[in-house]
Amino acid sequence: MKRIKTFLIIFIFSFVGIVGWQKVSANDQIGFSVNAILPKNQANPDSSYFDLLMTPGQKQTVQVQLGNSSNQEVIVEIASASATTNINGVVEYSPNDIKADARLKFDAAKLITPPKEIKLPPMKTIVVDIPVQMPNESFKGVIAGGLTFKKKADSTQVSQEKGVSVNNLYQFVVGILMRQEKGDISPDLVMNSVGPGQVNYRNVINANLQNKAMGYLNDMKVEAVIQGVDNKALKYTFANENMKMAPNTNFDLPIPVSKQGALGDGEFSQPLEPGKYEVSMIVYGQLDKAGQYKVKNLKGEEVSFRYKWTFTGDFTIAGAKAAELNAKDVTIKKDNSWIMWAIIIGLLALIVFLLLFLLFKKRKKDDENKEIK
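Residues numbered from 1 in each chain as written. Predicted model: local features only at pLDDT ≥ 70, side-chain atom pairs only at ≥ 80, totals over all residues. Heavy atoms only, no water.

## Some details on the nonpolar core
Thought 1: The biggest cluster of nonpolar side chains holds 32 residues, and the ones touching the most others in it are Ile205, Leu209 and Met281.
Thought 2: Of all the elements in the fold, those that place two or more residues in this core are β14 (189-198), β15 (203-211), β16 (217-228), β17 (235-245), β18 (249-256), β19 (275-287), β21 (302-317) and α3 (319-328).
Thought 3: Other than its neighbours up to four places away in sequence, Met281 contacts Met191, Ala207, Leu209, Val222, Glu223, Ala224, Leu253, Ile255, Trp309, Thr310 and Phe311.
Thought 4: Core analysis: the second largest hydrophobic core is formed by 31 residues, Phe32, Ile78, Phe139 and Phe149 among them. (Core = buried A, V, L, I, M, F, W, Y, C linked by side-chain atoms within 4.5 Å. Buried < 20%, exposed > 50% of the residue type's maximum accessible area, 1.4 Å probe, protein only. Helix = DSSP H or I, 4+ residues; strand = E, 2+ residues; numbered from the N terminus. Contact = heavy atoms within 4.5 Å.)

Rendered as structure tokens:
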């Protein structure tokens, strides 16, 4: 539980300063503040993150103001990363373990080169210069990335509880977009593959979605149905909305296979069954009052989208794979009837053994009596 609480704290503070926030005030726990100093070549002057309009090959230095409101020196670690999309349909701008998409041509982490760490004197504010390099090649779209500012961990931040190390880290993230012309380009969505997998020890069907374009896919709404080909009774439905994909990224959309289509605590689902399945999926994108695709959202309200994609496909779950995943799924109620049968068989075996032993003793005693006579 302690680990979960710590993760939630990290998660919440990871999004302070992300796209949509210009200035973040320091507090006693974080110890420092971050403020992006927006340059004159902002593609959108009203944005609160870096949205740089540059020419091919241009080099630029952007600036970030760091403030230390504490009476102690703070060491801030800085890292750049290319934007990725996680399994929840959320764009991440911090370094992570998500594998880069094969179509990612320009890695923001290599184009944005901040200093690795900065020392903030007590009660001081400093300005940090961060070099940015636009590729020499011309392109349409946007290179999406981010800067992460994290307080360097020290021994005072680490607590021990029952042998578990808990490291309370807080960070700010500032988005950086780089483009060569104003305007957005349309996303290009494809479904690459479908197959069984697991998320948090729960069986799912993963549908890999890929945004091939150098443009964001906003306001994603997904409706999916998975049904057995041979066994029509096997049917799983899924719906979600308010998701987003970064340019040139892909992610595995996990479709739960529990009865209720959700994976809540204490829920037990049916085992994953081997066989052939088919999937049908509709994905909408970009809310737009003038959009031609009108549907109802999860609240029952009618909304309009600019984009729509329809995907179909089939896949097979092998028996060995189903057995492997079912054995690891914590939501599947395990069949422990074999334990009772083992106990019954053991008791019967013990009774038979005792009867044979008593019979053997009786015969031996009878033979001894005969010899005496």
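From this point, the narrative continues.
## Quick notes on the sheet that holds β15
Thought 1: As summarised here, the arrangement of the three strands in space is β14-β15-β18, forming an open sheet in which the pairing is antiparallel. The strands lining the two open edges of the sheet, one partner per strand, are β14 and β18. On average, each strand axis in the sheet is inclined to that of its neighbour by 25 degrees, with strand direction left out of account.
Thought 2: Docked against the sheet, α3 engages β14 and β15, running at close to 65 degrees with respect to β14. (Pairing = 2+ DSSP bridges. Axes fitted to C-alpha atoms, helices over the stretch in contact; angles between N-to-C directions.)

## What about the pattern of salt bridges?
Oppositely charged side chains can form a pair if their charged atoms are brought close together.
Thought 1: Scanning the model with the defined rule gives nine salt bridges in all.
Thought 2: Among the salt bridges present, the one from Asp51 reaches Arg179, with a minimum N-O distance of 2.9 Å. Pair noted here: Asp51 is in strand β3 (residues 50-53) and Arg179 is in strand β13 (residues 171-179), with a separation of 128 residues, a long-range link.
Thought 3: Among the residues examined, Asp51 registers a relative accessible area of 4% and is labelled buried. (Salt bridge = Lys/Arg side-chain N within 4 Å of Asp/Glu carboxyl O.)

## Considering unusual backbone geometry
A negative phi angle is the norm for most residues apart from glycine, just as the trans form is the norm for most peptide bonds.
Thought 1: Of note, the phi angle at Asn200 is positive, near 55 degrees, even though the residue is not glycine.
Thought 2: Following the sequence through the fold, Asn200 ends up in the loop between β14 and β15.
Thought 3: If you check the backbone angles, Gln286 has positive phi at about 65 degrees while not being a glycine.
Thought 4: Mapped onto the secondary structure, Gln286 falls in strand β19.

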